[in-house]
Amino acid sequence: MANLNIRRAETKDAVPMAEILREIGWSEKRNNMPLEEVSEPLEKLIEHCGKDTEGHTMIVAVDEDKVVGFTTVHWVPFVMLGSWEGYVSDVFVSPTAGGKGAGSALIKHVMEEGEKRGCMRLMLTNGKEKPSYQMGFYKKMGWTERPKVANFVYYYREPWS
Ligand SMILES: CC(C)(COP(=O)(O)OP(=O)(O)OC[C@H]1O[C@@H](n2cnc3c(N)ncnc32)[C@H](O)[C@@H]1OP(=O)(O)O)[C@@H](O)C(=O)NCCC(=O)NCCS
């Protein structure tokens, strides 16, 4: 992508970000909701990250004025590490723009920012059934899979319920 630009997410990006989530189609429930019901909570999350840039970085990849992808990273003070860990919670690129370098550009941006901040490491989860895992997206970018770590979550409710 010749004109790919990475910038901070703005509230106006909520709709294209919601559209990308629906294009990816991981949630039937989300895909069947009105678009504004998907974009409204995203707008609040964008606002939150925009107000606390020390704690969070939410960025979008823009090609020819069109938002084609986004990622979010949270800068976590981690006592055991005696340092900071960047937790990457979202990495999404529109399938219509996939395979052209936007995903790698977003992750590279996060990796550079973590280094500038003096973080000890970055962390993320990646579903093993997803093409990104099977095609070694993160390994190609120098990330290491941890064989001994289980990933636990505690649910308060189902996503988009
Ligand atoms: C994973 C994802 C972000 C990759 O974005 P992208 O813009 O297509 O990635 P890039 O074009 O930068 O490609 C990077 C590498 O991944 C490979 N790749 C191509 N299609 C891919 C796909 N669908 N999924 C993963 N990796 C892919 C490419 O071959 C490329 O490797 P190469 O440089 O050796 O050719 C994107 O496919 C996506 O949003 N997937 C759905 C959501 C997801 O799985 N997110 C990550 C887990 S949280």
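What counts, and where the lines are drawn
- Residues numbered from 1 in each chain as written.
- Predicted model: local features only at pLDDT ≥ 70, side-chain atom pairs only at ≥ 80, totals over all residues.
- Heavy atoms only, no water.
- Helix = DSSP H or I, 4+ residues; strand = E, 2+ residues; numbered from the N terminus.
- Rg over C-alpha atoms; globule rule 2.2 N^0.38 Å.
- Buried < 20%, exposed > 50% of the residue type's maximum accessible area, 1.4 Å probe, protein only.
- Lys, Arg positive; Asp, Glu negative; His and termini not counted.
- Charge placed at Lys NZ, Arg CZ, Asp CG, Glu CD.
- Polar contact = N/O pair within 3.5 Å; in protein donor to acceptor, adjacent residues only side chain to side chain.
- Near = heavy atom within 4 Å.
- Areas by Shrake-Rupley, 256 points an atom, 1.4 Å probe, with all protein chains shown as cover.

### Description of the overall build of the protein chain
Next, step 1: The helix and strand tally for the protein chain stands at six helices and five strands.
Next, step 2: Across the protein chain, helices and strands are ordered from the amino to the carboxyl terminus as β-α-α-α-β-β-β-α-β-α-α.
Next, step 3: The globule rule puts the C-alpha radius of gyration for 161 residues at 15 Å, and the 16 Å found for the protein chain is close to it.
Next, step 4: By its C-alpha atoms, the protein chain is 45 × 40 × 35 Å across when sized along the principal axes.
Next, step 5: Scored against the burial criterion, the 161 residues of the protein chain give a buried share of 35%.
Next, step 6: Taking the 21 positively charged and 23 negatively charged side chains of the protein chain as two groups, their mean positions are separated by 6 Å.

### Quick word on the side chain of serine 27
Next, step 1: When you line up the elements, serine 27 lands in the loop between α1 (14–24) and α2 (28–32).
Next, step 2: From its side chain, serine 27 meets the backbone nitrogen of arginine 30 in a polar contact 2.9 Å long.

### Observations regarding the site of the ligand
Next, step 1: Close to the ligand lie 20 residues; Val93, Gly99, Gly101, Gly103 and Ser104 are nearest.
Next, step 2: Between the ligand and serine 104 there is a distance of 2.4 Å, counted from an oxygen atom to a side-chain nitrogen or oxygen.
Next, step 3: For the ligand, whose unbound accessible area comes to 850 Å², protein coverage reaches 72%.
Next, step 4: Where the shell around the ligand is concerned, the elements lending two or more residues are β4 (83–93), α4 (102–117), α5 (131–134) and α6 (137–140).

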